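Take a look at the letters that make up each chain.
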Amino acid sequence: MKFPASGGPMLRFLGSSFILDGLMQSLKRGHTIFYFHPLDISCARFPSLGNKRPFYWCIKGRLVEQRIRHILSKLDDVEKISLRDYPGVSCV
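Residues numbered from 1 in each chain as written. Predicted model: local features only at pLDDT ≥ 70, side-chain atom pairs only at ≥ 80, totals over all residues. Heavy atoms only, no water.

Chemist: In this structure, what is going on with the packing of aromatic side chains? I would like to understand it.
Modeler: The relative placement of two aromatic rings is captured by the distance of their centres and the angle of their planes. Considering all chains together, one arrives at 1 aromatic pair under this definition. When the centroid spacing of 6.3 Å and the interplanar angle of 50° are considered together, the rings of Phe34 and Phe36 count as tilted. By relative accessible area, which is 22% here, Phe34 ends up partly exposed. (Phe/Tyr/Trp six-rings, centres within 6.5 Å; stacked < 30°, edge-to-face > 60°. Buried < 20%, exposed > 50% of the residue type's maximum accessible area, 1.4 Å probe, protein only.)

Chemist: What should I look at first to understand the pattern of salt bridges in this one?
Modeler: When charged atoms on two side chains of opposite charge get close, those side chains can pair. What the rule picks out here adds up to 2 salt bridges. Taking the shortest distance from any N to any O, the salt bridge between Asp40 and Arg12 comes out at 2.3 Å. Taken together, the positions of Asp40 in helix α3 (residues 38-41) and Arg12 in helix α1 (residues 9-14) put the pair 28 residues apart, joining distant regions of the chain. Classification of Arg12 by relative accessible area gives buried; the value is 1%. Its salt-bridge partner being Glu65, residue Arg69 comes within 2.9 Å of it at the nearest N-O pair. With Arg69 and Glu65 both in helix α4 (residues 62-74) and 4 residues apart, the pair spans about one turn of that helix. (Salt bridge = Lys/Arg side-chain N within 4 Å of Asp/Glu carboxyl O. Helix = DSSP H or I, 4+ residues; strand = E, 2+ residues; numbered from the N terminus.)

Chemist: Can you walk me through the confidence of the model for the protein in this structure?
Modeler: When pLDDT is averaged along the protein, the result is 82; 85% of the residues meet or exceed 70. α1 is the least confidently modelled element of the protein, averaging 84 in pLDDT, while α4 averages 94, the highest of any element. (pLDDT = per-residue confidence, 0-100.)

Chemist: Any chance you could explain helix α2 (residues 16-29) here in plain terms?
Modeler: In an α-helix, one turn spans 3.6 residues; hence positions three or four apart end up facing the same way. Here α2 is 14 residues long and its end C-alpha atoms lie 20 Å apart, about the 20 Å a rise of 1.5 Å per residue gives. Looking only at α2, the buried set comprises Ser16, Ile19, Leu20, Gly22, Leu23 and Ser26. All buried residues of α2 project into a common sector of 165° when viewed along the axis, lining one side. Along α2, exposed side chains directed more than 90 degrees from the buried face belong to Ser17, Lys28 and Arg29. Those residues of α2 that are buried lie in contact with α1 and α4. Where α2 terminates, the next one or two residues include Gly30, which has phi positive at roughly 140°. (Expected span 1.5 Å × (residues − 1). Arc of directions from axis to C-beta. Contact = heavy atoms within 4.5 Å.)

Chemist: Please explain the layout of surface pockets as it appears in this structure.
Modeler: A water-sized probe, rolled over the atoms, reveals where empty space remains. The calculated volume of the largest pocket comes to roughly 910 Å³. If you trace the largest pocket, you find 19 residues lining it, with Thr32, Ile33, Phe34, Lys80 and Ile81 closest to the centre. (1 Å grid on protein atoms, 1.4 Å probe; cavity = no way out; pocket = protein on both sides within 12 Å on 5 of 7 lines; lining within 4 Å. Points joined across faces, edges and corners; volume = space filled by probe spheres on them.)

Chemist: Please explain the packing of α2 against α4 as it appears in this structure.
Modeler: For any two helices packed against each other, the geometry comes down to the angle between their axes and how far apart the axes lie. Closest axis-to-axis distance for the α2/α4 pair is 9 Å, and the angle between their directions is 35°. Classified by chirality, the crossing of α4 by α2 is right-handed. Seen from α2, the contacting residues are Ser16, Ile19, Leu20 and Leu23; seen from α4, they are Arg67, His70, Ile71 and Lys74. Residues belonging to the contact of α2 with α4 are distributed by class as follows: 4 nonpolar, 2 polar and 2 charged. (Axes fitted to C-alpha atoms, helices over the stretch in contact; angles between N-to-C directions. Left-handed = near helix turned anticlockwise from the far one by under 90°. Nonpolar A, V, L, I, M, F, W, Y, C, P; charged D, E, K, R; others polar.)

See below:
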């Protein structure tokens, strides 16, 4: 069975080992994308009013930041580039 392993919700719910395994498989096939949103590492509390997904953001902040740091440390020999620096992408 295959799951998306690029970051975001999968990073929050499944942890760094799962994501790292997926990234390694993807890298064997070529270039890959690992992404996360600033909200993933935010320690700010979200307003409860209008929040239709109460469990969606229950794992975030420092725990997710530690997971990201762990993944990046294991991919030390892999060239990394931010989306802003990727050719042909214009970030406003």
